[in-house]
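Summary of the model geometry
Single-letter residue listing:
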Amino acid sequence: MQKPVTTTAAELGITDDLLVARGLRQYQEARELIIAEVGTDGREHQLISQAADAWRQLRSAANEAGINLFIVSAFRSIERQVAIIRRKLDAGISIEEILTVLAPPGFSEHHTGCAVDICTPGTAPATLEFETTAAFSWLMDNANAYGFYLSYPQGNPEGFQYEPWHWCFHPAQTTFTT
Ligand SMILES: [Zn+2]
């Protein structure tokens, strides 16, 4: 049986106060996923089918414009989020510091199967360097047309660091909040 996410969060030292202070949204874990893309390392990146379709359309439009995009990270389970946070805690990083770059389990957009961390060849994944690429400029001009939006711009109210690589598919008239 699955524990409530707030219990899981508390076990990692993430208090209700912190969750409230950050104003974080809780996300449902996607159930029906398909493989949206397979990385050159063989890793399968999963999304819900609607997001996967939109992603492929976006990617081929980018390709036609001479922009090469690939997924670094897509769906991530709550369990996996816990494991990633635990590994950082074990490495001696404080929970406060961890939570500027990672959402508490249950509060990551990656749980929805709609969020993607995007990269382009020649750039280190999930770094601010991505903002300086032609790929990022292309996304800023075109991604919205495919339903993808930049989730964490500079100064985002949730208090996450600026993440130019993290985009989320928002199908019209659908909300993922619980
Ligand atoms: Zn992300």
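Quick note: structure is the one above.
Residues numbered from 1 in each chain as written. Predicted model: local features only at pLDDT ≥ 70, side-chain atom pairs only at ≥ 80, totals over all residues. Heavy atoms only, no water.

1. Quick word on the coordination of the zinc ion
Distances from the zinc ion to its protein donors, namely His-110 (NE2), Asp-117 (OD) and His-166 (ND1), fall within the range 2.0 Å. Counting gaps between the donor residues of the zinc ion yields the pattern H-x6-D-x48-H. Here the residue Asp-117 occupies a position in strand 4 (residues 115–119), and His-166 occupies one in strand 6 (residues 166–169), the gap between them amounting to 49 residues. (Donors = N, O, S within 2.8 Å, 3.2 Å for Na, K, Ca; no water. Helix = DSSP H or I, 4+ residues; strand = E, 2+ residues; numbered from the N terminus.)

2. Observations concerning the packing of aromatic side chains
Applying the stated criterion across every chain, the model contains five aromatic pairs. Look at Phe-130 and Phe-136: their rings are 6.0 Å apart centre to centre, the planes differ by 75°, and that puts the pair in the edge-to-face class. Like Phe-130, the residue Phe-136 is buried in the burial classification. Considering the side-chain rings of Tyr-152 and Phe-160, the 4.7 Å spacing of their centres and the 55° angle between planes classify their relative orientation as tilted. (Phe/Tyr/Trp six-rings, centres within 6.5 Å; stacked < 30°, edge-to-face > 60°. Buried < 20%, exposed > 50% of the residue type's maximum accessible area, 1.4 Å probe, protein only.)

3. Quick look at the layout of surface pockets
Counted as a void, the largest pocket has a volume near 640 Å³. Lining the largest pocket are 30 residues; nearest its centre among them are Ser-73, Arg-76, Ile-84, Leu-102 and Asp-117. Sorting the residues of the lining of the largest pocket by element identifies strand 2 (44–47), strand 3 (70–73) and helix 4 (78–90) as the ones contributing at least two each. The dominant element in the lining of the largest pocket, judged by the number of residues it contributes, is helix 4, at five residues. (1 Å grid on protein atoms, 1.4 Å probe; cavity = no way out; pocket = protein on both sides within 12 Å on 5 of 7 lines; lining within 4 Å. Points joined across faces, edges and corners; volume = space filled by probe spheres on them.)

4. A closer look at the pattern of salt bridges
A full pass over the atoms with the stated rule returns two salt bridges. A salt bridge links Arg-59 to Glu-37, with the shortest nitrogen-to-oxygen separation between them at 2.6 Å. Placement of the pair is Arg-59 in helix 3 (residues 49–64) and Glu-37 in strand 1 (residues 34–38), with a sequence separation of 22 residues. Among the salt bridges present, the one from Arg-56 reaches Asp-53, with a minimum N-O distance of 3.8 Å. Of this pair, Arg-56 and Asp-53 both sit in helix 3, separated by three residues, roughly a single helical turn. Judged by its relative accessible area of 40%, Asp-53 is partly exposed. (Salt bridge = Lys/Arg side-chain N within 4 Å of Asp/Glu carboxyl O.)

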